[in-house]
Amino acid sequence: YFDQNYLWYQLSPDPSPAGFNTVDGYFDALLYGGGDAIPGGGGALWPADRYSGYQSTESFNRFFGDGRTLGYGVAVNGLEAVAQGATRLFVRYIEPLSPAAQSGVLAGGLQRGDEILAINNTRVATLIAADDFSALSANAAGDALRLDVRRGAGPTVVVVLSAAEFALTPVQSGQRVFSQNGRRIGYVFVKDMISQVGSPLATTMASFRNQGIDELVLDLRYNGGGLVSMGGTVASYASGSPQNGKVYTRLLYND
């Protein structure tokens, strides 16, 4: 696959797979590390490849086709904690239909801002130091995740989640309209660039138009990407008619 389709197939490393014990290790060794001149780029250099990944066909079809995922539905501020050398970890996002949202130990289930003290009995300071949050990704339905959690100044409670397949909620908070200094502001949160965004976002934008909003807040903070075509659709809603017909993205292929 790399030899035929990879953009940097002529420049990337080509190690023998015999030297690797895992698919992850071999895949990472194949990725292009950057530094070569871009043809016609005026001296600019190719960046390192931080875009490529792989997943099972089942997982791909579940997400892009069905708009569903398998897991616990909890995300944390791990990237920031590692970068800042922090020792505390907090919930940054909960999928609304996930096991995390439906956990009954805390009122309303796990919520953004809850502090996680330990994951599967390992203190978060250890996980942050190792940059290892893999326990939050399930391998199969029924996998268990134990979280020691504290909300505000409350007591520490133990939350045990069971991994399950659930529907994603890619568009949220679509009917929130604020008024400030005589301006009406519409707010909408778009989590995943999948085809299931189309209908609810169209409904939201029609509602905003009917309410005469002056400003649009398009919240993409936790958006992990997805379909380029859906990204173009979302961008077109925000850009307005003067931008119609302009290029949103241009795809580049190898020879």
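To be clear, the structure that these remarks concern was listed above.
Right, let's walk through the structure included here. These figures come from a predicted structure and were not determined experimentally.

### Brief notes about the pairing of strand S6 (residues 144-150)
Consideration 1: Where strand S4 (residues 115-119) and S6 come together, 4 bridges link them in antiparallel fashion. Within the sheet, the bridge partner assigned to Ala118 lies in S6 and is Asp148.
Consideration 2: For S6 and strand S7 (residues 156-162), the ladder comprises 7 bridges, and the chain directions are antiparallel. Among the inter-strand pairings, Asp148 is bridged to a residue of S7, identified as Val158.

### Quick notes on the nonpolar core
Consideration 1: By size, the foremost hydrophobic cluster in this structure holds 26 residues, and its most contacted members are Leu110 and Leu147.
Consideration 2: When contributions to this core are tallied by element, the ones reaching two or more residues are strand S2 (74-76), strand S3 (89-94), helix H5 (99-102), S4, helix H6 (124-130), S6 and S7.
Consideration 3: If near-sequence neighbours (up to four positions away) are discounted, Leu110 is found in contact with Ile94, Ala100, Leu147, Val149, Arg151, Val159 and Leu161.
Consideration 4: Core analysis: the second largest hydrophobic core is formed by 14 residues, Phe63, Met193, Ile194 and Phe208 among them.

### Some remarks on the layout of surface pockets
Consideration 1: Its volume calculated, the largest pocket comes out at about 1,600 Å³.
Consideration 2: Lining the largest pocket are 38 residues, and of these Thr69, Leu70, Leu136, Ser137 and Ala138 sit closest to its centre.
Consideration 3: Counting only elements with at least two residues in the lining of the largest pocket, the list comes to helix H3 (57-65), strand S1 (68-71), S2, helix H4 (78-84) and S3.
Consideration 4: Looking at side-chain class alone, the lining of the largest pocket contains 15 nonpolar, 13 polar and 10 charged residues.
Consideration 5: Of the pockets and cavities examined, the second largest pocket occupies roughly 1,200 Å³.
Consideration 6: In terms of lining residues, the second largest pocket is bounded by 29 residues, among which Tyr1, Tyr51, Ser52, Val228 and Leu251 are the most central.
Consideration 7: Residue assignment for the lining of the second largest pocket shows that the elements contributing at least two residues are helix H1 (2-5), H3 and helix H8 (228-239).
Consideration 8: Its residues assigned to classes, the lining of the second largest pocket shows 19 nonpolar, 8 polar and 2 charged.

Conventions adopted
- For every chain, the first residue of the written sequence is number 1, and numbering continues from 1 onward in sequence order.
- Confidence filtering applies because this is a predicted model: local features only for residues at pLDDT of at least 70, side-chain atom pairs given and counted only at 80 or more, and all residues used for totals across whole chains, interfaces and linings.
- Water and hydrogen atoms play no part in the side-chain values, which are based on all heavy atoms of the structure.
- Paired strands, in this sense, are two strands between which DSSP finds at least two bridges.
- Per the convention used, a helix needs a DSSP run of H or I reaching at least four residues, while a strand needs a run of E reaching at least two, with both numbered from the N terminus.
- Each nonpolar core is a collection of buried residues, namely Ala, Val, Leu, Ile, Met, Phe, Trp, Tyr and Cys, held together in the definition by side-chain atoms within 4.5 Å.
- Exposure categories follow from relative accessible area, calculated using a 1.4 Å probe and restricted to protein chains: below 20% of the type maximum is buried, above 50% is exposed, and the middle band is partly exposed.
- In what follows, a contact means two residues having at least one pair of non-hydrogen atoms within 4.5 Å.
- Of the grid points, spaced at 1 Å and generated over the protein atoms alone, those admitting a 1.4 Å probe that cannot get out make up cavities, while open sets with protein on both sides within 12 Å along at least five of seven lines make up pockets; any residue with an atom within 4 Å of a point is treated as lining.
- Grid points are joined across faces, edges and corners, and a volume is the space filled by probe spheres set on the points.
- Gly is put with the polar residues, along with every residue not named as nonpolar or charged; the nonpolar set is Ala, Val, Leu, Ile, Met, Phe, Trp, Tyr, Cys and Pro, and the charged set is Asp, Glu, Lys and Arg.

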